[in-house]
Amino acid sequence: MTLSVNQWLGKLLLHDRRAVARLISWVEDNQEQSEIMRTVRAQSGQSLVIGITGPPGVGKSSLVEALTRVYRQSEERVGIVAVDPSSPYSGGAILGDRIRMQAHGTDRDVFIRSMGTRGHLGGVARSTADVLRILEAGGYPRLLLETVGVGQSEIEIMRLADTVVVVLNPGTGDGIQAIKAGIMEVADIFVINKADMPGAERMKNDIEMMLDMNGHGGRAWRPPVILTSVLEGKGLHELIDEIARQQAFLSESGTLIIRRQEQLQREVWQHLEDRLKEAFDSLWPALPTEWLTEGHKDPYQLVDKVWQKMSGHKREGGNT
Amino acid sequence: MSQPRIRVLVGKPGLDGHDRGAKVIARALRDAGMEVIYSGLHQTPEQIVEAAIQEDVDVIGLSILSGAQMTIFPRVKALLKEQNSEDILLIGGGTIPDEDIEVLIQSGDAEALFTPGTPTGDIVAWIKERLGVDSPPYEHA
Ligand SMILES: Nc1nc2c(ncn2[C@@H]2O[C@H](COP(=O)(O)OP(=O)(O)OP(=O)(O)O)[C@@H](O)[C@H]2O)c(=O)[nH]1
Ligand SMILES: [Mg+2]
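So, here is what we can say about the structure in this document. All of these numbers come straight from a predicted model, not from anything done at the bench. (Residues numbered from 1 in each chain as written. Chains lettered and ligands numbered in written order. Predicted model: local features only at pLDDT ≥ 70, side-chain atom pairs only at ≥ 80, totals over all residues. Heavy atoms only, no water.)

## Some words on the overall build of chain A
Piece 1. The secondary structure content of chain A amounts to 13 helices and 8 strands.
Piece 2. The C-alpha radius of gyration of chain A comes to 22 Å, within 12% of the 20 Å expected for a compact globule of 320 residues.
Piece 3. Counting only C-alpha atoms, chain A reaches 70 × 55 × 40 Å along its principal axes.
Piece 4. Taking all 320 residues of chain A together, the buried fraction comes to 51%.
Piece 5. The long-range share in chain A, meaning contacts at least 24 apart out of those at least 6 apart in sequence, stands at 74%. (Helix = DSSP H or I, 4+ residues; strand = E, 2+ residues; numbered from the N terminus. Rg over C-alpha atoms; globule rule 2.2 N^0.38 Å. Buried < 20%, exposed > 50% of the residue type's maximum accessible area, 1.4 Å probe, protein only. Contact = heavy atoms within 4.5 Å.)

Given below as structure tokens:
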């Protein structure tokens, strides 16, 4: 079946699962991306994205599965994006998060999509934000994102998620790592999962103390610290309630508007960066050879020359 | 514009609990630049087909050791037809007797079946040839 992009987009808005799947692939493969996203973005953006991040093996997929079960009880249609790292050598990837989500494997009201990072850093892929919006436009308004298991959560998650849930495990030193890595600043909610194991309460106290000490990064929202055990089915409703409370806070306090502006800025910058890189890559081989022979001694001078060529005019102060 | 990346669902239907073979294949496909969705043990045909659709894979590879090949392949194929997704290639491997292989290939219920000991490179080559694309070289971000 060969349909045009427009026909697939038409089907997407009718909530056709195959259209969701196919359009995601195109955007991931960088084909017709801007055309697809023009339609998709016009039909999405209302949904708040719940981002689940944290070190490898803490139970992110298990939590996504458990949260999905609760949302399904209230008939919400759930879109899940789960990101795993691509091999830096081959570019291939083994995407295994789905294993833990098989309980929803045949539920047509849950759409699970696995993604490789494809060389992008920060725990997500280049097109993850777009993929989430395709799911939303395709009829899955409850959006869950599982990042790569990163030891240090990067700020990148904030570009994508409206509710950043940082998952840690008791007795692992995760807490100290998190503090060092700046996770404290990005977390909207802390989850200590595997609370069926010893040390969970102590870890909660440590995190609460850190939040007291740094005044939760000067933000009006104080991240709650929740103990969960997916194994024993504990703490999940509390987590759902806190997510709802945080999302209500975002909307009511006006923080959402600011956050969305920051997200937009980061996204525009990312795409601009791509374009600059393309322009640079095609310009570089065409530079006069004298430039390169004299330039390799002074890259800064060469930067000015290349910048002039790329932008078509002289740089006016500033540092970019 | 980059070339589409090949995506493969590796599934392990049936009741037996060994997935070493499936994991070896998954790794070989990854090392050949493909994205492998590994969906774990004990998959039903319904779960396999739904996952294949959501993940928009080009190929489904089933690892079978349980002797259930004569029911599983036709069932998966039928579900793919039902879902208008026959363009997804269905292949498999494991301990499948020669006469069953012949029947399944003849009936079109599987496009290719690889017996144990097949070099993984052969499977990679088969997939690339059938899809008529090469996985793109790794592009650094
Ligand atoms: N004891 C205990 N084990 C759990 C709990 N939640 C998850 N696990 C186990 O922890 C292991 C890892 O779970 P996953 O959900 O795959 O963890 P993940 O964070 O998604 O892992 P990556 O995606 O590989 O980073 C599995 O063996 C789970 O069964 C829990 O609450 N208690
Ligand atoms: Mg996971």
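## Observations regarding the pairing of strand E4 (residues 89–94) of chain B
Residues and elements named next belong to chain B.
Piece 1. Most of E4 is tucked away, with 6 of its 6 residues classed as buried.
Piece 2. Burial of E4 is two-sided: the residues Leu 89, Ile 91 and Gly 93 facing one way and the residues Leu 90, Gly 92 and Gly 94 facing the other way are all buried.
Piece 3. Of the strand pairs in this sheet, strand E3 (residues 59–64) and E4 are connected by 6 bridges, and their pairing is parallel. Of the residues in E4, the one forming a bridge with Val 59 is Leu 89.
Piece 4. Crossover connection from E3 via helix H3 (residues 69–82) to parallel E4: handedness right-handed. (Pairing = 2+ DSSP bridges. Right-handed = clockwise from strand over helix to strand, strands pointing away.)

## Brief notes about the nonpolar core
Piece 1. Formed by 50 residues in total, the largest nonpolar core has its most connected members in A:Leu12, A:Ile134, A:Leu145, A:Phe190 and A:Ile207.
Piece 2. Setting aside its immediate chain neighbours within four residues, A:Ile134 contacts A:Leu12, A:Val20, A:Leu23, A:Ile24, A:Val27, A:Met37 and A:Val40. (Core = buried A, V, L, I, M, F, W, Y, C linked by side-chain atoms within 4.5 Å.)

## Remarks on the packing of aromatic side chains
All names here are of chain A.
Piece 1. Within this structure, the stated rule accounts for 4 aromatic pairs over all chains.
Piece 2. On the basis of an interplanar angle of 45° and a centroid distance of 5.5 Å, the ring pair of Phe 280 and Trp 284 is categorised as tilted.
Piece 3. Taking relative accessible area as the criterion, Phe 280 reaches 33% and is therefore assigned partly exposed.
Piece 4. One residue, Arg 77, lies across the ring of Tyr 140, its end atom 4.5 Å from the ring centre.
Piece 5. Here Arg 142 stacks its cationic end above the ring of Tyr 71, 4.1 Å away from the centre of that ring. (Phe/Tyr/Trp six-rings, centres within 6.5 Å; stacked < 30°, edge-to-face > 60°. Lys NZ or Arg CZ within 6 Å of the ring centre and 35° of its normal.)

## Here we look at the interface of chain A and chain B
Piece 1. Of the residues lining the interface, 37 residues belong to chain A; the matching set on chain B comes to 35 residues.
Piece 2. Contact between chain A and chain B buries roughly 3,100 Å² in total, counting both sides, with carbon and sulfur atoms accounting for 46%.
Piece 3. The interface formed by chain A and chain B holds 8 salt bridges in total.
Piece 4. Our count for the contact surface shared by chain A and chain B stands at 22 residue pairs in polar contact (both at pLDDT 80 or more).
Piece 5. Elements with a contribution of two residues or more to the side of chain A that touches chain B: helix H2 (17–28), strand E3 (93–95) and strand E4 (110–116) of chain A. (Buried area = accessible area lost by both parts, 1.4 Å probe. Salt bridge = Lys/Arg side-chain N within 4 Å of Asp/Glu carboxyl O. Polar contact = N/O pair within 3.5 Å; in protein donor to acceptor, adjacent residues only side chain to side chain.)

## Some points on the sheet that holds E4(A)
Strand pairs in the sheet, formed through backbone hydrogen bonds, run parallel or antiparallel to each other.
Residues and elements named next belong to chain A.
Piece 1. Read across the open sheet, the 7 strands follow the order E4-E2-E5-E1-E6-E7-E8; overall the sheet is parallel. Where the open sheet ends on each side, the last strands, each with one partner, are E4 and strand E8 (225–227). Going from strand to strand, the sheet's axes swing by 20° on average, the running direction of each strand aside.
Piece 2. Pairing analysis gives 3 bridges linking strand E7 (residues 189–192) to E8, with the strands arranged parallel. Directly across from Val 191, in E8, lies its bridge partner Ile 226.
Piece 3. Against the sheet, helix H4 (residues 60–73) makes contact with strand E1 (49–53), strand E2 (78–84), E4, strand E5 (142–146), strand E6 (163–168) and E7, and its axis sits at roughly 170° relative to E5, the strand it touches most. (Axes fitted to C-alpha atoms, helices over the stretch in contact; angles between N-to-C directions.)

## A word on the environment of A:Ser47
Piece 1. You can see A:Ser47 is positioned in the loop between helix H3 (33–42) and E1.
Piece 2. At 2.7 Å, the side chain of A:Ser47 forms a polar contact with the backbone oxygen of A:Pro141.

## What to know about the pattern of salt bridges
Piece 1. The final tally for this structure, using the stated rule, is 36 salt bridges over all chains.
Piece 2. Ionic pairing is found between A:Arg17 and B:Glu50, a salt bridge with its closest N-O pair at 2.5 Å. With A:Arg17 in helix H2 and B:Glu50 in helix H2 (residues 45–54), this residue pair bridges two chains.
Piece 3. Residue class for A:Arg17 comes out buried when judged on its relative accessible area of 13%.
Piece 4. Given a relative accessible area of 4%, B:Glu50 falls into the buried group.
Piece 5. Two residues, A:Glu208 and A:Arg222, come together in a salt bridge whose shortest N-O distance is 2.7 Å. With a gap of 14 residues between them, A:Glu208 in helix H9 (residues 200–213) and A:Arg222 in the loop between H9 and E8 connect regions that are remote in the sequence.
Piece 6. Note on A:Arg222: relative accessible area 29%, which makes it partly exposed.
Piece 7. Through salt bridges with shared partners, a single network forms among A:Glu28, A:Asp29, A:Arg98, A:Arg113, A:Arg118, B:Arg7, B:Glu35 and B:Glu55.

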